Amino acid sequence: MPSSSSNRNSLPFEPKKNKKVVKKTTNTPANKSETKSTKNYQRNKNNTSFKEIPEVISQRMIRRMAIFSGLPTGLGIFSFFAFYFLVKQEWFKIPNTAVLLVTMGLFGLGVLGLSYGILSTSWDEERVGTRWGWSDFTLNFGRMTSAWKNARQESINK
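Rules used in this analysis
Residues numbered from 1 in each chain as written. Predicted model: local features only at pLDDT ≥ 70, side-chain atom pairs only at ≥ 80, totals over all residues. Heavy atoms only, no water. Helix = DSSP H or I, 4+ residues; strand = E, 2+ residues; numbered from the N terminus. Buried < 20%, exposed > 50% of the residue type's maximum accessible area, 1.4 Å probe, protein only. Contact = heavy atoms within 4.5 Å. pLDDT = per-residue confidence, 0-100. Phe/Tyr/Trp six-rings, centres within 6.5 Å; stacked < 30°, edge-to-face > 60°. Expected span 1.5 Å × (residues − 1). Salt bridge = Lys/Arg side-chain N within 4 Å of Asp/Glu carboxyl O.

(A) Broad picture of the overall build of the protein chain. Each helix and strand counted, the protein chain has 5 helices and 0 strands in total. Ordering the α and β elements of the protein chain from the N terminus gives α-α-α-α-α. The 158 residues of the protein chain split such that 20% are buried. Contacts in the protein chain between residues at least 24 apart in sequence constitute 62% of all its contacts with a sequence separation of at least 6.

(B) Fine view of the confidence of the model for the protein chain. Per-chain confidence: the protein chain averages 76 in pLDDT, with 68% of residues scoring 70 or above. Contacts for the low-pLDDT stretch residues 1-15, under 50 throughout, to residues beyond four places or in other chains number 13 contacts. Counting contacts from residues 31-45, a segment whose pLDDT is below 50, to residues more than four positions away or on other chains yields 9 contacts.

(C) Looking closely at the environment of Phe 80. Along the chain, Phe 80 turns up in helix α3 (residues 55-88). What makes Phe 80 partly exposed here is its relative accessible area of 47%. Residues within four places of Phe 80 in sequence aside, it is in contact with Val 99 and Thr 103.

(D) Region of interest: the packing of aromatic side chains. For the structure on display, the rule yields 7 aromatic pairs. Seen in terms of ring centroids, Phe 85 and Trp 91 are 5.5 Å apart; in terms of plane orientation they differ by 90 degrees. Their pairing is edge-to-face. Its relative accessible area of 53% is what places Trp 91 among the exposed residues. A ring pair is formed by Tyr 116 and Phe 137, whose centres lie 5.0 Å apart and whose planes are at 40 degrees; its orientation type is tilted. Of the two residues, Tyr 116 is situated in helix α4 (residues 96-119) and Phe 137 in helix α5 (residues 134-157); the sequence distance between them amounts to 21 residues. Accessibility classification places Tyr 116 together with Phe 137 in one group, the buried group. Through a chain of ring-to-ring contacts, three or more aromatic side chains come together here, namely Phe 68, Tyr 116, Trp 132, Trp 134, Phe 137 and Phe 141.

(E) Structural context of α4. Here α4 spans 35 Å end to end across 24 residues, near enough to the 34 Å set by a 1.5 Å rise per residue. Turning to α4, its buried residues are Val 99, Thr 103, Leu 106, Gly 110, Gly 113, Tyr 116, Gly 117 and Leu 119.

(F) Inspection of the pattern of salt bridges at higher detail. Evaluation of the coordinates by the stated rule reveals 1 salt bridge. With its nearest N and O atoms 2.6 Å apart, the salt bridge here joins Asp 136 to Arg 127. What makes Arg 127 partly exposed here is its relative accessible area of 37%.

As structure tokens, this is what we get:
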């Protein structure tokens, strides 16, 4: 994993910020199309609304994912050791399936917490959002499903 500070805080799907464009000097038709696409890339680079997630929103998403995913996952790990301790001390007779279902349920909540952490984050840079983020979740989930419907309609219309 790279140790540079610029890559440490970025998400995997964000474009690299220090990318340099190398121009070729030959004038073949293939290279002319490459320079046109390079100019389009540089022109669209200034419009970052669809290219990258702003740092403020990215940090908010990471905090929410850590809370909504980290707590259930941590409880899943803790419950496994707690069940082991209870069985070892012979205080309760706990079936293996109960241990399995509880830990798998908590790990499943952790996985769902990742998605909820992203979708419950306010995607507006100036607005932090609420503590639980339910209104932002419904707004962002609605945006996501409408984007899926539009993409499906475009693929059908082709």
